[in-house]
Amino acid sequence: MEECISVFDMLKIGVGPSSSHTLGPWRAAERFLEELRTEKLLSTVTRVQIDLYGSLSLTGRGHATDLAVMLGLSGQDPEYIPVENIDSIIKSIENKNEINLGNEKNIPFYFLQDIVFNKNFLPFHANGLTFTAFLTNDLNYTATFYSIGGGFVVKEERTNAKKKTQVKCAFPYPIDKASELLEICTKEKKSISEIVFENEKSMRTEEIIDHELMRIWKTMLECMYIGCHSEGILPGGLNVRRRAFDMHQNLIGLANYDSPQSWLEEIRKTEVKFRQILKWVSCFALAVNEVNAALGRVVTAPTNGSSGVIPAVLMYYLVIENHNAGNKEIKQFLMVAGEIGSIFKKGSTISAAMGGCQAEIGVSSAMAAAALCEVMGGTPEQVLMAAEIAMEHHLGLTCDPIGGLVQIPCIERNTMGAIKAINAAELALETDPKNAKVPLDKVVDTMWETAKDMNNKYKETSEGGLAIAVNMADC
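Residues numbered from 1 in each chain as written. Predicted model: local features only at pLDDT ≥ 70, side-chain atom pairs only at ≥ 80, totals over all residues. Heavy atoms only, no water.

**Topic: the overall build of the protein chain**
Helices and strands together make up the secondary structure of the protein chain, namely 21 helices and nine strands. Along the longest, intermediate and shortest principal axes, the C-alpha atoms of the protein chain span 70 × 55 × 45 Å. Looking at the 475 residues of the protein chain, the share that counts as buried comes to 56%. A fraction of 77% describes how many contacts in the protein chain between residues 6 or more apart in sequence connect residues 24 or more apart. Counting only carbon and sulfur atoms, one obtains 49% of the accessible surface of the protein chain, whose full area is about 19,500 Å². Side-chain charges of the protein chain comprise 46 positive and 59 negative groups, with the mean position of each set lying 2 Å from the other. (Helix = DSSP H or I, 4+ residues; strand = E, 2+ residues; numbered from the N terminus. Buried < 20%, exposed > 50% of the residue type's maximum accessible area, 1.4 Å probe, protein only. Contact = heavy atoms within 4.5 Å. Areas by Shrake-Rupley, 256 points an atom, 1.4 Å probe, with all protein chains shown as cover. Lys, Arg positive; Asp, Glu negative; His and termini not counted. Charge placed at Lys NZ, Arg CZ, Asp CG, Glu CD.)

Written as C-alpha cells, this is what we have:
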C-alpha cells in the first residue's frame, strides 16, 4: 500500500485550462518558492529561469503553462486568486520586466527569455519542468518537478525513495484496487460512499468534510452558471464561439432567478422533454469547459480538461432524476466519484500526456457513472460495473488538441463523456452483477497497457490527429 488519496486530492479547485499544464506547474512554482524559503535563499535570488520539457513545452503556450508559472512565482494561489486579476498581474510582469517573487521581493524577469520551451522529453514523465534560481553569491539552486495529471506534482527522487521504503496508508480502509473496495463494502455491509467517508474522517473532522465537499459543489454550480451566462469568443486564436449561452437561452426561456442556487431551482421547475435531457446535459458540460478554456475557476474532476463531466452528470441527477435530492446526495456523489478516480490514478494514469484523453475524459466518465449509479440506488457491484462500462467505451481515446488549446475537441468531449456516464449507470442498474464479464480492475490495467502502447504524438503534444489534420487557419 503506497498512498492515501483523498477525495479532495481528486477534486481540486483551481484555474483553467489544464490541471497538468496549468494547475500542476502553478503548484510546482509554489513548491519551489517554499524550498527557497526553507533553505533561506529567497532573499538572495537575483533571477529565475524556468525550463519546460516535453508536453509542457509542446502545448504549454496553448495551456497557459507560462502564465501559470509566473502566477505561482508571484505567490498567487490558484484556489483563491480572483480570476479577474490574472490578466493585470501578467501584464504587469510583462510591462515592467520584473516579478514580485513570492510576493516578497522584486527581481528582473523577462518572460520571453526566462521561460524556456524545450521540446525534448525528460525520462521520468512527459510533463517536466525545472526551476533555476540564480543567487547573489554566483551560485544557483535548481529543482525539477513533474506534473503528473490532475494537479498532482512530484519530484522523481522522492518517488524513487518511496519505492525503496514502503509507505503504509493510514486510512482504516486502504484501497488500491476495485476488488479490494468491493471486498470491504461486502464485509462491512456499507456503500462505497460510506467507506470513503470513514477514510476521510481519519484525516479531518466531519464538519470539515461536509464543508469542503459543499465548497467543491458550489464551485461546480457557479462554474456552470457563469458558463451558461457568458457570451463571446474564447481566447487563444481559434475563434471558438461560446455555445452554452445560446443553448441555455433556448432551453430555459423566460425564467426569473438571481443566483446559481435559484437558477438550479428554476431548472428543476422546467418541464423537460426527452430530447431536451441530452441538450441540458450537454449545456452543463459545455458551460464548465468554456469557463475552463477562458482561465476561469473550475474543479479538477479529475483534470481540468475533463472538468465538465462530473458537474454535468450531478446536475442531471438533481434537475432530472431526483428533485428532492439535497446536500446528502451531493456529498455521496462526490465521494464515490473521488474514490473511483483514485483507483484509476493508482492503477493507471489521469494524465493525457501519459495516456491520451482516455486518462481524462474516460476516467471522468467512469467516476461520474459510478457516482450516479450509487445515488440512484445501485449496489457496490453495480457501481463498479458502471465505472467499468464507461471506461470500456473510452479506451484508446487520443489527446490531440488543435493549437495546443483545451478547446477543440476537448470541450465537446466533455458532453460525450457525460452522456456516456449516464448511459453506463443505467446499463449497470439494469444488469445483474453476476452476469458481468469484465471487472473494473481489468479495465484499469487495460487502460494502462493501451496508454503505454499509444504513439506519443497522440498524447497531448498536438503533433498528431486533429491537431495536425486541422490547422489554425482552417478554424
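**Some words on the nonpolar core**
Trp217, Trp263 and Met315 are the most contacted members of the largest nonpolar core, which has 110 residues in total. What Met315 contacts, discounting residues up to four positions off in sequence, is Trp217, Leu221, Met224, Trp263, Leu264, Ile267, Phe284 and Ile320. In this structure, Val15, Ala64, Ile115 and Leu135 belong to the second largest nonpolar core, which totals 39 residues. (Core = buried A, V, L, I, M, F, W, Y, C linked by side-chain atoms within 4.5 Å.)

**Thoughts on the environment of Asn127**
Along the polypeptide, Asn127 turns up in strand β6 (residues 127-135). The exposure class assigned to Asn127 is buried, which follows from its relative accessible area of 0%. Once the C-alpha coordinates of Asn127 and Leu52 are considered, the two residues, 75 residues apart in sequence, prove to be 8.0 Å apart. Once residues lying within four places of it in the same chain are set aside, the contact partners of Asn127 are Ser20, His21, Tyr53, Ser55, Leu56, Phe145, Tyr146, Ser147, Ser351 and Ala353.

**Digging into the sheet that holds strand β8 (residues 152-154)**
The mixed open sheet is built from five strands, whose spatial order is β5-β2-β6-β7-β8. The strands lining the two open edges of the sheet, one partner per strand, are β5 (115-118) and β8. With direction set aside, neighbouring strand axes in the sheet form an average angle of 25°. Pairing of β6 with strand β7 (residues 140-149) involves seven bridges; the strand directions are antiparallel. Each bridged residue has a counterpart across the sheet, and for Thr130 the counterpart in β7 is Thr144. (Pairing = 2+ DSSP bridges. Axes fitted to C-alpha atoms, helices over the stretch in contact; angles between N-to-C directions.)

**What about the packing of aromatic side chains?**
Counted under the stated rule, the structure contains eight aromatic pairs. Between Phe124 and Tyr146 the ring centres are 4.7 Å apart and the planes differ by 65°, which places this aromatic pair in the edge-to-face class. One end of the pair, Phe124, is in the loop between β5 and β6; the other, Tyr146, is in strand β7, and 22 residues separate them in sequence. On the basis of relative accessible area, Phe124 is assigned to the partly exposed category, the value being 24%. Every member of this aromatic cluster is reached through a ring pair, and the members are Tyr225, Tyr257, Trp263, Trp280 and Phe284. Positioned above the aromatic ring of Phe117 is the side chain of Arg61, whose terminal nitrogen or guanidinium carbon lies 3.8 Å from the ring centre. Looking at Lys345, its charged tip hangs above the ring of Phe152, at a distance of 4.4 Å from the centre. (Phe/Tyr/Trp six-rings, centres within 6.5 Å; stacked < 30°, edge-to-face > 60°. Lys NZ or Arg CZ within 6 Å of the ring centre and 35° of its normal.)

**Describing the side chain of Ser20**
Turning to its location among the elements, Ser20 is positioned in helix α2 (residues 19-38). Engagement of the side chain of Ser20 in a polar contact is seen with the side chain of His21, the distance being 2.8 Å. If sequence neighbours within four positions are ignored, Ser20 has contacts with Pro25, Leu56, Asn127, Ser147, Gly149 and Glu460. (Polar contact = N/O pair within 3.5 Å; in protein donor to acceptor, adjacent residues only side chain to side chain.)

**Concerning the pairing of β7**
Regular strands place side chains that alternate from one sheet face to the opposite one. Between β6 and β7, which pair antiparallel one after the other, the connecting turn spans four residues, and Asp138 there sits at a positive phi close to 65°. Two strands pair when backbone bridges link them, and β7 and β8 are joined in this way by three bridges, in the antiparallel orientation. Within the sheet, the bridge partner assigned to Ser147 lies in β8 and is Val153. Two successive antiparallel strands, β7 and β8, enclose a turn made up of two residues, where Gly150 displays a positive phi of approximately 65°.

**Here's the deal with the environment of Met315**
Mapped onto the fold, Met315 is located in helix α14 (residues 309-321). Separated by 51 residues in sequence, Met315 and Leu264 have C-alpha atoms that sit 8.4 Å apart.

**Quick notes on the pattern of salt bridges**
For the structure on display, the rule yields 20 salt bridges. A salt bridge links Arg204 to Glu200, with the shortest nitrogen-to-oxygen separation between them at 2.6 Å. Owing to a relative accessible area of 23%, Arg204 belongs among the partly exposed residues under this scheme. Using a relative accessible area of 2% as the deciding quantity, one classes Glu200 as buried. The salt bridge involving Glu412 is made with Arg243; its shortest N-O contact spans 2.9 Å. In this pair, Glu412 sits in helix α19 (residues 410-429) while Arg243 sits in the loop between α10 (206-228) and α11 (244-252), placing the two residues 169 residues apart along the sequence. Among the ionic contacts, a cluster of salt bridges with common partners joins Arg27, Glu30, Asp77, Glu79, Glu212 and Arg215. (Salt bridge = Lys/Arg side-chain N within 4 Å of Asp/Glu carboxyl O.)

**Considering the state of the cysteines**
What the rule picks out here adds up to zero disulfides. No disulfide involves Cys373; its sulfur sits 12 Å from the nearest other cysteine sulfur, which is in Cys185. Lacking any disulfide linkage, Cys410 is separated from the closest cysteine sulfur, that of Cys399, by 6.0 Å. Classification of Cys410 by relative accessible area gives buried; the value is 14%. (Disulfide = S-S within 2.5 Å.)

**With respect to the packing of helix α17 (residues 361-375) against helix α18 (residues 380-392)**
Packed helix pairs are characterised by how far apart their axes lie and by the angle those axes make with each other. At a minimum axis separation of 7 Å, α17 and α18 run at an interaxial angle of 150°. As summarised for this structure, α17 and α18 are arranged roughly antiparallel, according to the angle between their axes. Between α17 and α18 the crossing geometry is right-handed. Along the contact surface, α17 presents Gly362, Val363, Ser365, Ala366, Ala369, Ala370, Cys373 and Glu374, while α18 presents Gln382, Val383, Ala386, Ala387, Ala390 and Met391. Its residues assigned to classes, the contact of α17 with α18 comprises ten nonpolar, three polar and one charged. (Parallel < 35°, antiparallel > 145°, perpendicular 65-115°, else oblique. Left-handed = near helix turned anticlockwise from the far one by under 90°. Nonpolar A, V, L, I, M, F, W, Y, C, P; charged D, E, K, R; others polar.)

**Topic: the side chain of Arg413**
Turning to its location among the elements, Arg413 is positioned in helix α19. Residue Arg413 is classed as buried on the basis of its relative accessible area, which comes to 15%. One polar contact links Arg413 to Asp400, side chain to side chain, over a distance of 3.4 Å. If we ignore the near neighbours within four places in the chain, the residues touching Arg413 are Cys357, Ile361, Leu397, Thr398, Cys399 and Asp400.

By themselves these figures say nothing about function.
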